[in-house]
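For reference, the chains in residue letters:
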Amino acid sequence: MHNFIDKIKHVFLRIKTYKNWYTLVWPMTRILPKARIIYTRTGCKIFVRDVRGDDYAVVHEMFVRDDYKIKSIQADKPVVLDFGANIGVFSVAMARRFPGAKVISFEPEKSNYEILEKNAKLNPGVIPVRKAISNQTGEQEFFSSLHKYSSSLIREHMVESTFSEKVSRVTIGDILNEYNLDKIDIIKMDIEGGEIKALRGMNDTIKKNQVVLITEYAPFYFEDPTELIRIIEEVGFKTIYNLFDNGKVELFDYNNINRYIPEGKNITSNTNLVCTK
C-alpha cells in the first residue's frame, strides 16, 4: 500500500513539475525512446540521454527536489559560473530564473559536454565551455566514471573510472579576462573533490566580490572531512548553510559534521552547502 501511495505521489510531482509529464511515467518511460527533451513548467528544455538514467536523476534533483534552493536566490542579472555543469541543468535553470544573467557553464567530460551544448542551444543565455576549473592552467588527466555525474581530475576519487583523457584547466583569473567580467555573483561547484584547489585559486576574486557559493560537500573525497569547510571559511565566507534533501535548510554545524552525514566518509555520503559572506 505504501509503495502504491509513493508512486501516486511521484506522478503528481511530475505533473506539477513537467509539461510533458505523461512521457515520464510508466508505461511511457518504457515505450518511448530513452533520449528525449523534458519540458519544465518554468520554461526550461532539457535534453537527456536516458529518461531512466543518470541524466534524469540530475533533472529530478534540480526541478523536483530543488537541491540547490535556487528558488530562494535573489539577484539582478547575475554573473553565474557553473563548475562541473554536467549536462547543464543548473545553468539552464539559472538562465531561465534570471533573464539577462550571464551564465558560463564549465564541463570537461566529453560526452556530458556534448549534451551541455545541446541544452545551451535549447535555452538561450548559457555559454558552454569544455574546461575544468583549478588553481592553475594547462592540461591534466581527467577520469571518467560509469556514472556521468561523478567524473574527476583526481584519480583517487574514482571508484569506477572507465577511461581517462586530457582536458584543459582554467583559473578564475583566466575566466575574468576572457569574458571581460567585472563581477561574479554566484559560483556553483560540483567537481568531485577538486573544490579545495579551485577555491584556493579563487581566493582573491572571492574576497573582492559579494559571491554566493553553492557547492557539493562529500567528506569521502578528503582525508580530513573538515578540510573543505576550513578552506571555505579561509577564502572569506562567514555563513554556511546545509541543504537537506527533504527541503530543510539550517546553519552548518562545523563541530558535528556526522549529524548531517551519518555515514562519515562513505562514498555515497554528500550534501550541498550554500555559503555567503
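Overview of the structure. (Residues numbered from 1 in each chain as written. Predicted model: local features only at pLDDT ≥ 70, side-chain atom pairs only at ≥ 80, totals over all residues. Heavy atoms only, no water.)

Along helix α3 (residues 54-63), seven of the 10 residues are buried, which leaves the element largely enclosed by surrounding structure. Considered for burial, the residues of α3 that qualify are Asp 55, Tyr 56, Val 58, Val 59, His 60, Met 62 and Phe 63. (Buried < 20%, exposed > 50% of the residue type's maximum accessible area, 1.4 Å probe, protein only. Helix = DSSP H or I, 4+ residues; strand = E, 2+ residues; numbered from the N terminus.)

Now for the sheet that holds strand β9 (residues 186-189). Taken together, eight strands build an open sheet; the order of strands is β5-β4-β3-β9-β10-β13-β11-β12 and the sheet is mixed. What marks the edges here is a single partner per strand, and that holds for β5 (126-129) and β12 (249-251). In this sheet, neighbouring strand axes are inclined to one another by 20° on average, regardless of whether the strands run parallel or antiparallel. Sheet strands touched by helix α5 (residues 110-122): β4 (102-106) and β5. Its angle to β5, the strand with the most contacts, is close to 160°. (Pairing = 2+ DSSP bridges. Axes fitted to C-alpha atoms, helices over the stretch in contact; angles between N-to-C directions. Contact = heavy atoms within 4.5 Å.)

Attention now moves to the packing of α3 against helix α4 (residues 89-97). Remark: α3 packs on α4, axes separated minimally by 9 Å, with the N-to-C direction vectors making an angle of 35°. Where α3 crosses over α4, the handedness of that crossing is right-handed. Only Val 89, Phe 90 and Ala 93 of α4 make contact with α3, whose side of the interface consists of Val 58, Val 59, Met 62 and Phe 63. (Left-handed = near helix turned anticlockwise from the far one by under 90°.)

This next bit is on the pattern of salt bridges. Going through the model one piece at a time under the given rule, you end up with seven salt bridges. For the salt bridge of Lys 188 with Asp 82, the shortest nitrogen-to-oxygen distance reads 2.9 Å. Taken as a pair, Lys 188 in strand β9 and Asp 82 in strand β3 (residues 79-83) lie far apart in primary sequence, 106 residues in all. Accessibility classification places Lys 188 together with Asp 82 in one group, the buried group. (Salt bridge = Lys/Arg side-chain N within 4 Å of Asp/Glu carboxyl O.)

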